[in-house]
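Chain residues, written in single-letter form:
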Amino acid sequence: MQTVNLDFVRGIMDEIDWKERLLMIKGQKGVGKTTLMTQRIMQTFGATNTTDVLYASLDNIYFTNHNLLDFIEQFHAKGGRYLFLDEVHKYVGWSLEIKNAYDEFTDMHFVLSGSSLVNLAEGETDLSRRCITYNMPGLSFREFMQMFHHITFRRRTLQEILTEGNAVCAEVNSQIRPLPLFAEYLQYGYYPFLAEGRSNYYLRIENIVNTIIESELPQLRKIDIANIRKVKSLMAILSTSVPYSIDTVKLSTMAEISRTTLLQYLQNLDDARLVKLLYSDATNVKRLQKPDKLYLENPNMLHALATMPVNEGTEREVFFVNQLSASHIVEYSKTSADFTIDHRYTIEVGGKSKDGKQIANLDNAYIAAANEEYVLGNKIPLWLFGMLY
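Note that this is a predicted model, so its numbers are computed, not measured. (Residues numbered from 1 in each chain as written. Predicted model: local features only at pLDDT ≥ 70, side-chain atom pairs only at ≥ 80, totals over all residues. Heavy atoms only, no water.)

Novice: Kindly report on the overall build of the protein chain, identifying the contributing residues and their values.
Specialist: A tally of regular secondary structure across the protein chain gives 14 helices and 12 strands. Computed over its C-alpha atoms, the radius of gyration of the protein chain comes to 22 Å, within 12% of the 21 Å expected for a compact globule of 389 residues. Along the first, second and third principal axes, the C-alpha atoms of the protein chain reach 65 × 55 × 40 Å. Taking the intrachain contacts of the protein chain between residues at least 6 apart in sequence as the baseline, contacts between residues at least 24 apart amount to 65%. (Helix = DSSP H or I, 4+ residues; strand = E, 2+ residues; numbered from the N terminus. Rg over C-alpha atoms; globule rule 2.2 N^0.38 Å. Contact = heavy atoms within 4.5 Å.)

In structure tokens form, the structure reads like this:
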């Protein structure tokens, strides 16, 4: 652990209740789950050798012919109390063995990380009652500025942004000009592996998408391997068409799959954090209900997968939905505006010239405007919503 860098630590570190005996950190590959776990070990136990704690990745070749429960028993027998297990979904039967270990070794703490597709409530291996789960997104605009430009601002609540936005804008503008950094973030800022350079950044995003579709979906959602090509075809269609107002008949024909299969695949892609499905009533979504609108998960993925120049309007909406979805309910607005947030706020996303006709006469209505540095009336700079986490 001597090589772990603590210069920048994600905000989620302070949100996790590390006292719990069983924790799961779920997230898309590449968002920094492994780094978070090793940083936690360094913060808590330091760089000295200790028998109390151990980190292991279950995609290690060791576990191809060694039993996980035996491994845990041996660790416990040697005085082990804190076990950090990475990539748990790569080990077949992990949930049952973790459940047995949790019940048997009551003095042990387990921290797990895995794919966004991991389902903790499956039959007899149900871990949902024992495990506290945290979903880890990629970097926010605020975290991007801290990690790559060494500029630190505290996170802001949505209420602060909507009611005290100019004070936040003044603080940020006193240190940097946010718009150039925001433009950089939209193309390259969501994944921490930007630290390894831009040259292969989009290729790495493509590899993440391929790994999820080719490996995780068949393993964790039982998608027929024979249909992988169709799932990739579906992603290709969506990457050139977002934001996609969904015509299920047309889309199922283009992807060469039935409507029912299409809706199931879309839900799987949403669970995998490859796309974001929006509904006009998120609290009453029924299984296989047609979503009202669909976006790719983050703006960097949009740039990596698009086969034509990215539309600025699409890019703005993808960013807004991505940042707000981390801790708020985002719905497709039933009005002429774009989004409803937490069943309370109506927000239209647009450029500098957006005039607000879509939100006229609506209460708690705002414009998230690109290319603005300060709040002007109910027009709030779009980048400011990147300060939420």
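Once the structure has been displayed, the description carries forward.
Novice: Explain the environment of histidine 66 residue by residue, including any values.
Specialist: Along the chain, the position of histidine 66 falls in the loop between strand 2 (53–57) and helix 3 (68–77). With a relative accessible area of 36%, histidine 66 lands in the partly exposed category. The sequence separation of histidine 66 and glycine 356 amounts to 290 residues, and the corresponding C-alpha distance is 62 Å. Among the polar contacts listed, one links the side chain of histidine 66 to the side chain of asparagine 65, at a separation of 2.8 Å. (Buried < 20%, exposed > 50% of the residue type's maximum accessible area, 1.4 Å probe, protein only. Polar contact = N/O pair within 3.5 Å; in protein donor to acceptor, adjacent residues only side chain to side chain.)

Novice: If you had to explain helix 5 (residues 141–149) to someone new, which residues and values would you point to?
Specialist: Because the α-helix completes a turn every 3.6 residues, residues three or four places apart line up on one side. Burial in helix 5 covers these residues: Phe141, Arg142, Glu143, Phe144, Met145 and Gln146. Contact partners of the buried residues in helix 5: helix 8 (178–188) and helix 14 (312–325). Positioned one or two residues after helix 5, histidine 150 has a phi angle of 55°, which is positive.

Novice: Can you explain the sheet that holds strand 3 (residues 82–86)? Please cite residues and give values.
Specialist: Ordered by their spatial adjacency, five strands build an open sheet running 2-3-4-1-5, and the pairing between neighbours is parallel. Sheet topology places strand 2 and strand 5 (132–135) at the edges, where each strand pairs with a single neighbour. When the angles between neighbouring strand axes are averaged without regard to direction, this sheet yields 15°. Bridge count between strand 2 and strand 3: five bridges; the pairing is parallel. (Pairing = 2+ DSSP bridges. Axes fitted to C-alpha atoms, helices over the stretch in contact; angles between N-to-C directions.)

Novice: Any chance you could break down the side chain of asparagine 300 for me, citing the residues and the numbers?
Specialist: Counting through the fold element by element, asparagine 300 comes out in helix 13 (residues 299–305). Residue class for asparagine 300 comes out buried when judged on its relative accessible area of 0%. Within the local environment of asparagine 300, its side chain forms a polar contact with the backbone nitrogen of glycine 189, the two atoms lying 3.0 Å apart. One polar contact links asparagine 300 to tyrosine 201, side chain to side chain, over a distance of 2.6 Å. When sequence neighbours within four positions are dropped, the list of residues in contact with asparagine 300 reads Tyr185, Leu186, Gln187, Tyr188, Gly189, Tyr190, Tyr191, Tyr201, Tyr202 and Ile205.

Novice: Could you give an account of the side chain of asparagine 268, naming the residues involved and the relevant values?
Specialist: Mapping asparagine 268 onto the fold places it in helix 12 (residues 259–271). A polar contact of 3.2 Å, which involves the side chain of asparagine 268, links it to the side chain of arginine 221. If we ignore the near neighbours within four places in the chain, the residues touching asparagine 268 are Leu117, Leu217, Arg221 and Ile223.

Novice: Could you give an account of the nonpolar core, naming the residues involved and the relevant values?
Specialist: Residues Phe320 and Phe385 are the most contacted members of the largest nonpolar core, which totals 99 residues. Discounting chain neighbours no more than four positions away, the residues touching phenylalanine 320 are Phe339, Ile341, Ile347, Val349, Ala368, Leu382 and Phe385. Leu22, Leu68, Tyr91 and Trp94 belong to the second largest nonpolar core, which has 26 residues in total. (Core = buried A, V, L, I, M, F, W, Y, C linked by side-chain atoms within 4.5 Å.)

Novice: Which residues make up unusual backbone geometry, and what values do they have?
Specialist: Most peptide bonds adopt trans geometry, and most residues besides glycine take a negative phi value. A positive phi angle, near 65°, is found at arginine 273, a position not held by glycine. Following the sequence through the fold, arginine 273 ends up in the loop between helix 12 and strand 6 (275–278). Unusually for a residue other than glycine, asparagine 364 sits at a positive phi of about 50°. Along the chain, the position of asparagine 364 falls in the loop between strand 10 (345–350) and strand 11 (365–369).

Novice: I'd like to hear about the pattern of salt bridges, residue by residue, with values.
Specialist: Summed over all chains, the structure comprises 18 salt bridges. Ionic pairing is found between arginine 154 and glutamate 160, a salt bridge with its closest N-O pair at 3.2 Å. On the basis of relative accessible area, arginine 154 is assigned to the partly exposed category, the value being 47%. For glutamate 184, the salt bridge identified is with arginine 198, shortest N-O distance 3.0 Å. With glutamate 184 in helix 8 and arginine 198 in the loop between helix 8 and helix 9 (201–221), this pair connects stretches of sequence that are 14 residues apart. (Salt bridge = Lys/Arg side-chain N within 4 Å of Asp/Glu carboxyl O.)

Novice: Describe the packing of helix 10 (residues 228–239) against helix 11 (residues 248–255), naming the residues involved and giving the relevant values.
Specialist: Where helix 10 meets helix 11, the closest approach of the two axes is 9 Å, and the angle between their N-to-C directions is 125°. Judged by the inter-axis angle, helix 10 sits oblique to helix 11. When you trace helix 10 past helix 11, the crossing you get is right-handed. In contact with Lys230, Ser233, Leu234, Ile237 and Leu238 of helix 10, helix 11 contributes Leu251, Met254 and Ala255. For the contact of helix 10 with helix 11, the per-class residue count stands at six nonpolar, one polar and one charged. (Parallel < 35°, antiparallel > 145°, perpendicular 65-115°, else oblique. Left-handed = near helix turned anticlockwise from the far one by under 90°. Nonpolar A, V, L, I, M, F, W, Y, C, P; charged D, E, K, R; others polar.)

Novice: Lay out the pairing of strand 4 (residues 109–114) in plain terms, naming residues and giving numbers.
Specialist: Of all six residues in strand 4, six are buried; the element is thus mostly enclosed. Residues of strand 4 alternate between two faces, with His109, Val111 and Ser113 on one and Phe110, Leu112 and Gly114 on the opposite face, all of them buried. Bridge analysis of strand 3 against strand 4 gives four bridges, and the strand direction is parallel. Note on strand 4: the bridge partner recorded for phenylalanine 84 is valine 111. Once you follow strand 3 into helix 4 (residues 94–104) and on to strand 4, the crossover reads as right-handed. (Right-handed = clockwise from strand over helix to strand, strands pointing away.)

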